[in-house]
Amino acid sequence: MEYVTLGRTNLMVSCSAFGTKLLQEVSLEDSIEILNTAFKGGINFFDTSSAYSGVEEKIGKTISLAQKEIESLDVSNLTDFEVQRAEALLPLRKNLILSSGTKAKTGKEASIELEKSLESLSTDCIDIYHITNQDYLPIPGTDDGLYNEMLIARRSGKIRFIGFTTHNLELAKEAIDSGLYDVLRYPLNIFSTEEELELIKRAEKADVGITAIKTLASGKIENVPIAFGFLRQNAK
């Protein structure tokens, strides 16, 4: 697995992130197995949302079980290296980059959703927390209070970086140019226009991390190697 630095966050993330939306349709037991398999395959970047029914809880349960497994080790019979190796092979919270977000319309709603996400994910801090909006770009001082709430959450250590998710190209450009957002989440795939693909260079120039969503166009693209290869090539 290749790893890259995600913009100015300096987070070292796997080139392939794990989008968790479809875990809504999978049992807890199968979800845990899938998440463990992804981690063992080198993926350390897990992308979710409070809008995905039950998914954050499944990720949180996976993390909790990994922690219990480590705590059950008889470390008296292990060297420090063996303990570190055991920890490195499990999806412990410290080994993961967690990205989540909210579709809330107000800061108060976002605060409530964030608290629920922290509990569900079995963590006290989410690495990247996204505001999802298709209509406008939340900025400091607006009546909705969304961006101000993100600043409060970051100062209190509940999130590390602020992200923005949209399917609106003009809003995506605005988010990158604003300097307010550390990461942009936007649909990119082989059907993307030249203008959309230019977002990658635009984000790189602004030192904004960009994560592609809808990479398989909601199932319309069946050739996964071609889909991923296309994005990797355009990211160079």
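Everything in this summary refers to the structure shown in the same document. (Residues numbered from 1 in each chain as written. Predicted model: local features only at pLDDT ≥ 70, side-chain atom pairs only at ≥ 80, totals over all residues. Heavy atoms only, no water.)

1. Details of the overall build of the protein chain
For the protein chain, the helix and strand inventory stands at 8 helices and 9 strands. Its C-alpha radius of gyration of 18 Å places the protein chain within 12% of the 18 Å reference for a compact globule of 236 residues. A principal-axis box enclosing the C-alpha atoms of the protein chain has dimensions of 60 × 40 × 35 Å. If you take every contact in the protein chain between residues at least 6 apart in sequence, the share linking residues at least 24 apart comes to 69%. Summed over all atoms, the accessible surface of the protein chain reaches about 12,300 Å², with 52% contributed by carbon and sulfur. If you average the places of the 26 positive and of the 35 negative side-chain charges in the protein chain, the two averages end up 2 Å apart. (Helix = DSSP H or I, 4+ residues; strand = E, 2+ residues; numbered from the N terminus. Rg over C-alpha atoms; globule rule 2.2 N^0.38 Å. Contact = heavy atoms within 4.5 Å. Areas by Shrake-Rupley, 256 points an atom, 1.4 Å probe, with all protein chains shown as cover. Lys, Arg positive; Asp, Glu negative; His and termini not counted. Charge placed at Lys NZ, Arg CZ, Asp CG, Glu CD.)

2. Structural notes on the sheet that holds strand E7 (residues 159-165)
Here we have 7 strands laid out as an open sheet, ordered E3-E4-E5-E6-E7-E8-E9, and parallel in their pairing. Pairing within the sheet leaves two strands with one partner each, and these edge strands are strand E3 (18-19) and strand E9 (209-213). Of the strand pairs in this sheet, strand E4 (residues 45-47) and strand E5 (residues 97-102) are connected by 3 bridges, and their pairing is parallel. Within E5, the residue paired with Asp47 across the bridge is Ser99. Sheet strands in contact with helix H6 (residues 169-178) are E7 and strand E8 (183-187), and its direction is about 165 degrees off that of E8. (Pairing = 2+ DSSP bridges. Axes fitted to C-alpha atoms, helices over the stretch in contact; angles between N-to-C directions.)

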